[in-house]
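Coordinate inspection notes
Residue strings, one per chain:
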Amino acid sequence: QVQFVESGGGTVQPGGSLTLSCKASGSILDYYELGWLRQAAGKEREGVSCIDSEGGATYYKDSVRGRFSIFRDYGHHSIYLQMDSLKPDDTGVYYCAATKVCSTSPSDYDYWGPGIQVTVSS
């Protein structure tokens, strides 16, 4: 049984900040990496960031690099996404998800949270 509880979404003005939190549970996640993906209205789902089990290797989508930071709490299978300098193009549903190996492709993720809305609008 795998469960994801996502929080921290909402509406923010351009240039503002939000922090997303994902509390994941399930013993199988001991063997998985965790990442954040997003889907904007009318667009395909895309990888945003992923962190490996050692916390030393991360992936960031080019458009968010330098603005977003990912962190992992290994003991509780939790990850966080600090989002700064937010832009309207960052608007979308953000998903916490688990994969065997960090990947840019949504198809490589095996377990998914329900998604949480992030809206950047003036």
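The structure this text deals with has already been given above.
Residues numbered from 1 in each chain as written. Predicted model: local features only at pLDDT ≥ 70, side-chain atom pairs only at ≥ 80, totals over all residues. Heavy atoms only, no water.

**Notes on the state of the cysteines**
Here a disulfide denotes a covalent bond joining the sulfur atom of one cysteine to the sulfur atom of another. Per the counting criterion, the structure on display carries two disulfides. Put simply, Cys 22 and Cys 96 are joined by a disulfide, and their sulfur atoms are 2.1 Å apart. The sign of the S-S torsion, about -75°, decides the handedness of the disulfide formed by Cys 22 and Cys 96: left-handed. In this pair, Cys 22 sits in strand 3 (residues 18–25) while Cys 96 sits in strand 9 (residues 92–99), placing the two residues 74 residues apart along the sequence. In this pair, the class of Cys 22 matches that of Cys 96, namely buried. Bridging Cys 50 to Cys 102, the disulfide has an S-S length of 2.1 Å. (Disulfide = S-S within 2.5 Å. Helix = DSSP H or I, 4+ residues; strand = E, 2+ residues; numbered from the N terminus. Buried < 20%, exposed > 50% of the residue type's maximum accessible area, 1.4 Å probe, protein only.)

**Examining the sheet that holds strand 3**
The sheet built from four strands is open, its strands ordered 1-3-8-7 with antiparallel pairing. The sheet terminates laterally at strand 1 (3–7) and strand 7 (68–73), the two strands that pair on one side only. Neighbour-to-neighbour, the strand axes of the sheet open up by a mean angle of 15°, direction not taken into account. Across six bridges, strand 7 lies against strand 8 (residues 78–83) in antiparallel orientation. Residue pairing for strand 8: Ser 69 is matched across the bridge by Gln 82. (Pairing = 2+ DSSP bridges. Axes fitted to C-alpha atoms, helices over the stretch in contact; angles between N-to-C directions.)

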